[in-house]
Amino acid sequence: MQRSNTIKGLVLYPVFLLLAAAILYPLVWMIYSSFKDNPAIFANVFALPSSLYLGNYVTVFTEGAMGLYFRNSLLISVVSVAGLLVFSSLAAYAFATFRFRGSTPLFMILLLGLMVPPQALIISGFKLMSILNLLDTYWALIFTYFGWTSFGILVLRNFFQAVPRDVKDAARVDGAGHWQMFSQIMLPLARPSLSTIAIFYFMWVWNEFIYPLVYMQTPEKYTIPLGVLFFNGRYTIEWGLQMAALAVATVVPLLVYYVFQKQFIRGILAGALKG
Amino acid sequence: MATETIPATRSAAAGAAARPRVAGLAPEWLLAIPFLAPALFFYAVFLLAPLLGTLALSVTDWSGFNIADIEFVGLDNFRALGADSVFWQSLQHNLFFLVGSVILKTTVALALALALDQNLPFSNVFRGVYLMPTVISLVVVGIVFTLVLSPSLGLINPFLEAIGLGQLAGAWLGDPDLALPIVIAIDVWHGFGLYMFLFISRLIAIPQDLHDAAFVDGANGWQDILHITLPLMKSMVAMVILLASIEALKLFSIVYVMTKGGPNHATEVLSTWAYFQAFTANNVGYGSAILVVLLAITFVLAYIQVTRFQVQEEI
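Chemist: Let's hear about the overall build of chain B: which residues, and what values?
Modeler: A count of helices and strands for chain B gives 13 helices and two strands. The buried share of chain B, taken over its 315 residues, is 51%. Considering only intrachain contacts with a sequence separation of at least 6, the fraction spanning at least 24 residues in chain B is 65%.

Here's what the structure looks like:
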C-alpha cells in the first residue's frame, strides 16, 4: 500500500502541480503586475515588481470610480441576497407544509427558473424596465435578482421536508401557529442551509454581468464587473491600471470563497444534485 | 382515525382530498398565499413575464422605441433566420462550444476527481485551488486572458520566443480559426472545478466495502477504477453532461468581453448576435427570435434533465 502510494504520487503530483500553476499563474501575474508601473510592465511582462508601486490603485480609485462601483455592487448584492433569503425561505415553507391543489405544477414552474439562460431575457427585460420606469436604477437589478428564488426554494423545501415530524408536532402541541413555526422553529434549524444559499447567491449576484450591462446606463451606477470593463476600455494600453482594477474586482469573491468554502461547495452540490 | 383529529392545516403528510376541512380553519391554499406571494410576485413579473415577452416580441417587427410601432409579423422573423448566414454560424458556434466545453470539462473533472480520490496528502489543497476560478467574474477572467494572449505583449508569445518556439507565436484571439477554441479553453479553465466536486461527492458515497471486495479478489488500482468505480459513476457522468450543457448555453460574457463575436463573426454565438440585433441594430423582434431558438434548445435539455430526475428518484 505504501509503495503504491509513492508511485501514484510520482505520477499524480506533477499533474496536480502543473494544473495548479495553470490556474494560479494568470491570477498571481495579474496581482503582482498591478504593483508595477506601465514602463516596468512593458520592459518585462513576467518580472516581479522591483518595488511596491501603489500608483495604479490610487488612479483606479480616483480617476476610475472603483470605490463607487464597489459600493454599488455591495449595496445591490446585500439587498438582493437578503430579499432572496426571505422570499425563498417563506415560499419553501409553504411548499413543504401546505397541501393544496396545483402546488406541484407551481413548483415545477418555479424550477424552470434554474434553467432559463439570463441572456434570453434581456431584450424584453429591457423593455419591461423601461415601461416600469426602472431603467438605470438599482431596483432594476434588485427586482430582477429577486426573481431568481428557484434555487433557494428548492434547497430549503428539501430541508424543511426533512425536519422530523416530532419536532413539528412538538411545536404544534405548544400551540405554535404557522408564522411561529416558520420563524422560531424552522428558520433557526435551517441556518446551515441558509448560509449555503446566501453564499451562493452572493457570488452569483456579485459577478452577474449581463443585466447591469443592459439595464444600467450611467457609469456612476455600474457594478464591479461592468465598471471594470468600462474602466479597462478607457485605459487599454495602461496595463498596470487594468491589473489593479481586475485585482480589486477579484478580491471580494476570493475572500468570500476562502472564508466560506464549505458553504459554497455545499451550495454547488445542493443546486446540482437536487435540481 | 388519528390523523383525522389533527386539524387539516397542520397535517403535512396526508393527502388534501382525504382530509375533511375543519370548521373555522382556513383552507391550506389560503394559508399558503402570504408565504408564497413575495417569491411568486417577483418570479412572475421579472422572470416569467420577460420570458413570455421574448416569445411575444419574436413574432413582431419593432425598432424598440415607440410601443405604438410594434407590428405583428407572424413567423417572418423565423423565416428571415433561415437566410441569415451569421445566425447559422452562431448556432454552429454554440453547438461547437457546447460539445467542446462539455466533453473537456467532464473528462478533466472526472479524471481529477479520481486522481484526488487516491487519498494522497494535500489533495484537499489542490481541490480548493481547482475550484477557485469558478468564483471569479467572467469579465475579469475574460480581460485577464485577453491580456495574457495579447500578441504584441502578453505572456504566451514572449514565452514561446523565450523557449525557442517563436514560430508558434500567433495572433490568438485575432485568428478566426483559434478564437473559438480559445474561448472553450478559458471556459473549461473557469468551470471544470464545479463538476469535479460533483464527481468527488459521488466517489465519496461509494461504499468502501465494494473497493475492499475488489482488492480481496486480487484487483489492482486500475481494475478497481475500471470495474468498480466507473460503472457506479455512470449516472453522475450523465448528469454532469446535462448540467454542463445547460450551462454552456448561457455563454455570453466571455465572448462579449474578449472578442465581441469577432474576428469577422468567428466567435459569434446566438446570445451575442441577438444582443447586437436588439441593442445596436434596433431589430428587437428579430433579436427576440434568435433568443427563442436559444430558449428552445435550453428547454429540450431541461426537459431531458427533469424526466431523468424522476427516473432517478424512483430507484
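Further notes follow.
Chemist: Please give an account of the side chain of Gln263 of chain A that cites residues and values.
Modeler: Its place among the elements puts Gln263 of chain A in helix 15 (residues 261-273). With residues near it in sequence (within four places) discarded, Gln263 of chain A still touches Ser195, Thr196 and Ile199 of chain A.

Chemist: Could you give an account of the nonpolar core, naming the residues involved and the relevant values?
Modeler: Phe16, Phe160, Phe209, Tyr211 and Tyr215 of chain A together with Tyr130 and Met196 of chain B are the most contacted members of the largest nonpolar core, which totals 198 residues. For this core, the element with the highest residue contribution is helix 8 (residues 176-205) of chain B, accounting for 14 residues. Here this core gathers at least three residues from each of two domains, domain 1 (1-45) and domain 2 (85-314) of chain B. Excluding residues within four positions of it along the chain, Met196 of chain B makes contact with Ala109, Leu112, Ala113, Leu116, Arg127 and Tyr130 of chain B.

Chemist: Kindly report on the packing of aromatic side chains, identifying the contributing residues and their values.
Modeler: For the coordinates displayed, the defined rule picks out 50 aromatic pairs over all chains. On the basis of an interplanar angle of 65° and a centroid distance of 5.5 Å, the ring pair of Tyr93 of chain A and Phe182 of chain A is categorised as edge-to-face. Of this pair, Tyr93 of chain A sits in helix 4 (residues 66-97) while Phe182 of chain A sits in helix 10 (residues 178-189), and the two are 89 residues apart along the sequence. Classification of Tyr93 of chain A by relative accessible area gives buried; the value is 1%. Summarising the aromatic geometry, the rings of Phe209 of chain A and Tyr256 of chain B are spaced 5.8 Å apart at their centres and angled 50° between planes, so their arrangement reads as tilted. You can see Phe209 of chain A sitting in the loop between helix 11 (191-207) and helix 12 (210-215) and its partner Tyr256 of chain B sitting in helix 11 (residues 253-258), one on each of two chains. Classification of Phe209 of chain A by relative accessible area gives buried; the value is 2%. A relative accessible area of 12% means that Tyr256 of chain B is categorised as buried. The positively charged end of Arg157 of chain A is found above the aromatic ring belonging to Phe107 of chain A, 3.9 Å away from the centroid.

Chemist: Mind laying out helix 7 (residues 138-146) of chain A, listing which residues take part and the relevant values?
Modeler: Residues spaced three or four apart along an α-helix point in a common direction, a consequence of the helix completing one turn every 3.6 residues. For helix 7 of chain A, the buried fraction is high: seven of the nine residues fall into the buried class. Inspection of helix 7 of chain A places Tyr138, Ala140, Leu141, Ile142, Thr144, Tyr145 and Phe146 of chain A among the buried residues, and these make up the whole buried set. Close packing links the buried residues of helix 7 of chain A with helix 4, helix 6 (122-131), helix 11 and helix 12 of chain A together with helix 2 (28-57) of chain B.

How each quantity is defined
- Residues numbered from 1 in each chain as written.
- Chains lettered and ligands numbered in written order.
- Predicted model: local features only at pLDDT ≥ 70, side-chain atom pairs only at ≥ 80, totals over all residues.
- Heavy atoms only, no water.
- Helix = DSSP H or I, 4+ residues; strand = E, 2+ residues; numbered from the N terminus.
- Buried < 20%, exposed > 50% of the residue type's maximum accessible area, 1.4 Å probe, protein only.
- Contact = heavy atoms within 4.5 Å.
- Core = buried A, V, L, I, M, F, W, Y, C linked by side-chain atoms within 4.5 Å.
- Domains from an automatic or database assignment.
- Phe/Tyr/Trp six-rings, centres within 6.5 Å; stacked < 30°, edge-to-face > 60°.
- Lys NZ or Arg CZ within 6 Å of the ring centre and 35° of its normal.

What is shown is where atoms sit, not what they do.
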